[in-house]
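Coordinate analysis (summary)
What follows is each chain in one-letter form.
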Amino acid sequence: MTLYLKYRPQKISELDLTSARETLASLLKKGDIPHAFLFAGPRGTGKTSSARILAKAINCEKNKGKLAEPCNSCETCLAITKGTHIDVIEMDAASNRGIDEIRSLKQDIMLAPSLASKKIYIIDEVHMLTTEAANALLKTLEEPPAHVVFILATTDAHKLPQTVISRLTVVPFHKASNEEII
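Residues numbered from 1 in each chain as written. Predicted model: local features only at pLDDT ≥ 70, side-chain atom pairs only at ≥ 80, totals over all residues. Heavy atoms only, no water.

**As for the layout of surface pockets**
Roughly 570 Å³ of volume is contained in the largest pocket. As for the largest pocket, its lining consists of 25 residues, and the residues nearest its centre are Gly44, Thr45, Gly46, Lys47 and Ser49. Mapped onto the lining of the largest pocket, the elements with two or more residues apiece are helix H1 (3-6) and helix H3 (47-59). It is H3 that provides the largest number of residues to the lining of the largest pocket, a total of five residues. Split by residue class, the lining of the largest pocket holds ten nonpolar, seven polar and eight charged. (1 Å grid on protein atoms, 1.4 Å probe; cavity = no way out; pocket = protein on both sides within 12 Å on 5 of 7 lines; lining within 4 Å. Points joined across faces, edges and corners; volume = space filled by probe spheres on them. Helix = DSSP H or I, 4+ residues; strand = E, 2+ residues; numbered from the N terminus. Nonpolar A, V, L, I, M, F, W, Y, C, P; charged D, E, K, R; others polar.)

**What about H3?**
With 13 residues, H3 extends 18 Å between its outermost C-alpha atoms, agreeing within 8% with the 18 Å of an ideal straight helix rising 1.5 Å per residue. Taken across its 13 residues, H3 has twelve buried, putting it largely inside the fold. The set of residues buried in H3 consists of Lys47, Thr48, Ser49, Ser50, Ala51, Ile53, Leu54, Ala55, Lys56, Ala57, Ile58 and Asn59. Against the buried residues of H3 lie helix H2 (18-30), strand S1 (36-40), helix H4 (75-82), strand S2 (88-92), strand S3 (119-124) and strand S4 (148-154). (Expected span 1.5 Å × (residues − 1). Buried < 20%, exposed > 50% of the residue type's maximum accessible area, 1.4 Å probe, protein only. Contact = heavy atoms within 4.5 Å.)

**Thoughts on the environment of His127**
Considering the arrangement of structural elements, one finds His127 in the loop between S3 and helix H6 (131-142). A residue is classified by how much of its surface remains accessible, and His127, at 10% relative accessible area, is buried. Once the C-alpha coordinates of His127 and Pro161 are considered, the two residues, 34 residues apart in sequence, prove to be 9.0 Å apart. A polar contact of 2.7 Å, which involves the side chain of His127, links it to the side chain of Thr154. (Polar contact = N/O pair within 3.5 Å; in protein donor to acceptor, adjacent residues only side chain to side chain.)

**Details of the packing of helix H5 (residues 99-108) against H6**
Working note: a packed helix pair is described by the angle between its axes plus the distance between those axes. Running from N to C, H5 and H6 point in directions that differ by 15°, and their axes come no closer than 8 Å. What the angle tells us is that H5 and H6 run roughly parallel. For the element pair H5 and H6, the recorded crossing hand is right-handed. Contacts between H5 and H6 involve Ile99, Ile102 and Lys106 from the first element and Glu132, Ala133, Ala136, Leu137, Lys139 and Thr140 from the second. (Axes fitted to C-alpha atoms, helices over the stretch in contact; angles between N-to-C directions. Parallel < 35°, antiparallel > 145°, perpendicular 65-115°, else oblique. Left-handed = near helix turned anticlockwise from the far one by under 90°.)

**Examining the sheet that holds S2**
Taken in spatial order, the five strands line up as S2-S3-S4-S1-S5 in an open sheet, and their pairing is parallel. For this open sheet the edge positions go to S2 and strand S5 (169-172), each flanked by a neighbour on one side alone. In this sheet, adjacent strand axes meet at a mean angle of 20° when their direction is disregarded. Note that S3 and S4 share five bridges and pair parallel. Opposite Ile122, over in S4, you have Ile151 as the bridge partner. (Pairing = 2+ DSSP bridges.)

**Some details on the environment of Ile120**
Residue placement: Ile120 occurs in strand S3. The class for Ile120 is buried, based on a relative accessible area of 0%. Distance in space between the C-alpha atoms of Ile120 and Pro144 is 12 Å, their sequence separation being 24 residues. The residues contacting Ile120, other than those within four sequence positions of it, are Ala55, Ile58, Asn59, Asp87, Val88, Ile89, Val149 and Ile151.

**Concerning the pairing of S1**
Looking down a regular strand, the side chains alternate between one sheet face and the other. Across the five residues that make up S1, a large majority, five, are buried. What you see with S1 is no split at all: Ala36, Leu38 and Ala40 on one side and Phe37 and Phe39 on the other are buried throughout. Examined bridge by bridge, S1 and S4 share five bridges and lie parallel to one another. Bridge pairing links Phe37 to Ile151 in S4. Relative to S5, S1 runs parallel, the two sharing four bridges. Opposite Phe39, over in S5, you have Val171 as the bridge partner.

Have a look at this one:
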């Protein structure tokens, strides 16, 4: 096993970046999770890992609907960690960048979650969507079903239309300082 997989954070409190950790912890503490996030920052700063941790925190069985750190031992947390949970859908926008993929996603989000309380869509490299696809996604972000949370991740937030960004809760990521790494 590679080191970055072995030592990947599994809880919000384990995140290296103080700003991202504090933002996500604050949102969980409030108990009111927005319907859409934008995790924006350079490569290798933990955006996708953080998205999975947030998905676990939202759907953790031991939390019984309360928002808190994931337990990492219930079936839901274990399945999300493995990447096999049916209600946590990860999509790479670099490979699925067209309007047809977003139309398909728009149809899928209408279905209620099968096992979890919320259906989580993690869309990585979202800046790679075509203009038409981004506009189609905008409509979905404006009127999402209550059972869906979007977590969009990008290294180039400035490439997203401002209308899309305005519908998202932005969580900035940056390279970890030496102190954060230690």
